[in-house]
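If you want the building blocks of each chain, they are given just below.
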Amino acid sequence: MDSDADGARPVGSPAAGVVHSLSERHETLATVESLTGGLLAASIVEIAGVSGIFRGGLVVYATELKSRLADVPEDLLAERGPVDPDVAVALAEGGRRRCGADWGLATTGVAGPEPQDGKPVGLVYVAVAGPSGTRVRQLDLDGGRDHIRSAAVVEALRLLAARIHETDAAQADAEATGTDGGRSDPAGARRR
């Protein structure tokens, strides 16, 4: 099993936890990878029963493919380059749309051995797009190329797991309080 950003080995499989949670929710997942080059998708498809939730993935290593295949705006790529938090979000959103999934999970960064476009080795962004919005996390990873890529996979899966948990908690709170989690009908509220 791969280690996380701190070099620790996660307890259990982050991929298995995500697959199980999405299966219970009857929701689907797509991946878009630059830095990890398919490792994220591979870690997900290792889990038995994944065919019920995994729609597919895009590996967009070349910058122009991030735009062409994952719908990242060309002007964003031209202005900031491929290693950027907004690019990571656009990758996750684009993959979600392109693959027709409930959730999109993306990775971009610099694995080394050399800096890229002025960005240091170990700078990584992982992003998730889902039914309740998007989230991006910056990682500043140490170690060699293999560790950076494998830690990015673990941290991307952790980010997705956290977003699923947050969504579940918000739904549980809404059910407990008799609200709809902030999706109330303003017109209906005025009629009371």
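Further up the page is the structure itself.
Calculation rules
Residues numbered from 1 in each chain as written. Predicted model: local features only at pLDDT ≥ 70, side-chain atom pairs only at ≥ 80, totals over all residues. Heavy atoms only, no water. Salt bridge = Lys/Arg side-chain N within 4 Å of Asp/Glu carboxyl O. Buried < 20%, exposed > 50% of the residue type's maximum accessible area, 1.4 Å probe, protein only. Pairing = 2+ DSSP bridges. Helix = DSSP H or I, 4+ residues; strand = E, 2+ residues; numbered from the N terminus. Axes fitted to C-alpha atoms, helices over the stretch in contact; angles between N-to-C directions. Contact = heavy atoms within 4.5 Å.

Further remarks concern the pattern of salt bridges. As enumerated under the stated definition, the model contains 11 salt bridges in all. For Arg80, the salt bridge is made with Asp84, and the minimal N-O distance between the two is 3.3 Å. Its relative accessible area of 9% is what places Asp84 among the buried residues. Three or more residues are tied together by salt bridges with common partners; here these are Glu79, Arg80, Asp84 and Asp86.

The subject of this paragraph is the sheet that holds strand β1 (residues 29-33). The mixed open sheet is built from 5 strands, whose spatial order is β2-β1-β3-β4-β5. Whereas interior strands pair on both sides, the edge strands pair on one side only; in this sheet they are β2 (54-59) and β5 (133-140). Between one strand axis and the next, the sheet turns by 15 degrees as a mean value, whatever way the strands run. Pairing analysis gives 6 bridges linking strand β3 (residues 103-109) to strand β4 (residues 123-130), with the strands arranged antiparallel. Pairing of Thr108 across the sheet is with Tyr125, part of β4. Contacts from helix α6 (residues 145-177) reach β1, β3, β4 and β5, with the element oriented near 30 degrees to β4.

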